[in-house]
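Observations on chain architecture
Chain by chain, the residues run as shown.
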Amino acid sequence: DDAVLDALSEDDRAAHADAAEYLAALARDAEAHGAAVLLDAEVAALQPAVDHLFLAALRRPAYMAPTTYVAKAVRDAPALYNTYQCYLVGSER
């Protein structure tokens, strides 16, 4: 949701973009080594931000591009997971 980013300052939007890029690269590196990354906010108040960052990372070229530094992924599964707090209002979206 771009409305979330619109509420941020320019510096915060840049930091968000950097964090999404780094998270995507981390997931790709984990995948190359047969592992995966699991995001867990642990604090309900942070969950919306973690969800947004997770979805932003999935849209990054670093996550979506074919693996270029290994012949193929070691695992046949997602490289990035997120937890969802299903008890929160709005979690069904």
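Residues numbered from 1 in each chain as written. Predicted model: local features only at pLDDT ≥ 70, side-chain atom pairs only at ≥ 80, totals over all residues. Heavy atoms only, no water.

This part covers the pattern of salt bridges. As enumerated under the stated definition, the model contains two salt bridges in all. A salt bridge links arginine 60 to glutamate 21; the nearest nitrogen and oxygen atoms lie 3.1 Å apart. Of this pair, arginine 60 sits in the loop between helix 3 (47–58) and helix 4 (61–64) while glutamate 21 sits in helix 2 (residues 10–32), and the two are 39 residues apart along the sequence. One salt bridge in this structure joins glutamate 31 and arginine 28, with 3.5 Å as the shortest N-O distance. Of the two residues, glutamate 31 and arginine 28 are both situated in helix 2; the distance of three residues between them amounts to about one turn of the helix. Of the two residues examined, glutamate 31 and arginine 28, each falls in the buried class. (Salt bridge = Lys/Arg side-chain N within 4 Å of Asp/Glu carboxyl O. Helix = DSSP H or I, 4+ residues; strand = E, 2+ residues; numbered from the N terminus. Buried < 20%, exposed > 50% of the residue type's maximum accessible area, 1.4 Å probe, protein only.)

Further remarks concern the packing of helix 2 against helix 3. Orientation of helix 2 relative to helix 3, taken along the N-to-C sense of each, is 65°, at an axis distance of 8 Å. Considering the relative orientation of helix 2 and helix 3, their crossing is right-handed. Contacts between helix 2 and helix 3 involve His16, Ala19, Ala20, Leu23 and Ala24 from the former and His52, Leu53, Ala56 and Ala57 from the latter. The residue inventory of the contact of helix 2 with helix 3, partitioned by class, reads seven nonpolar, two polar and no charged. (Axes fitted to C-alpha atoms, helices over the stretch in contact; angles between N-to-C directions. Left-handed = near helix turned anticlockwise from the far one by under 90°. Contact = heavy atoms within 4.5 Å. Nonpolar A, V, L, I, M, F, W, Y, C, P; charged D, E, K, R; others polar.)

What follows deals with the nonpolar core. In this structure, Leu23, Ala27, Val37, Leu39, Ala57, Tyr63 and Leu80 are the most contacted members of the largest nonpolar core, which totals 13 residues. Contributing elements (two or more residues each) for this core: helix 2, strand 1 (37–39) and helix 3. If one sorts the elements of this core by residue count, helix 2 sits on top with four residues. In this structure, valine 37 is in contact with Leu23, Leu26, Ala27, Ala30, Ala79, Leu80 and Tyr81, ignoring residues within four places of it in sequence. (Core = buried A, V, L, I, M, F, W, Y, C linked by side-chain atoms within 4.5 Å.)

This paragraph deals with unusual backbone geometry. Unusually for a residue other than glycine, glutamate 42 sits at a positive phi of about 65°. Among the structural elements, glutamate 42 can be located in the loop between strand 1 and helix 3.

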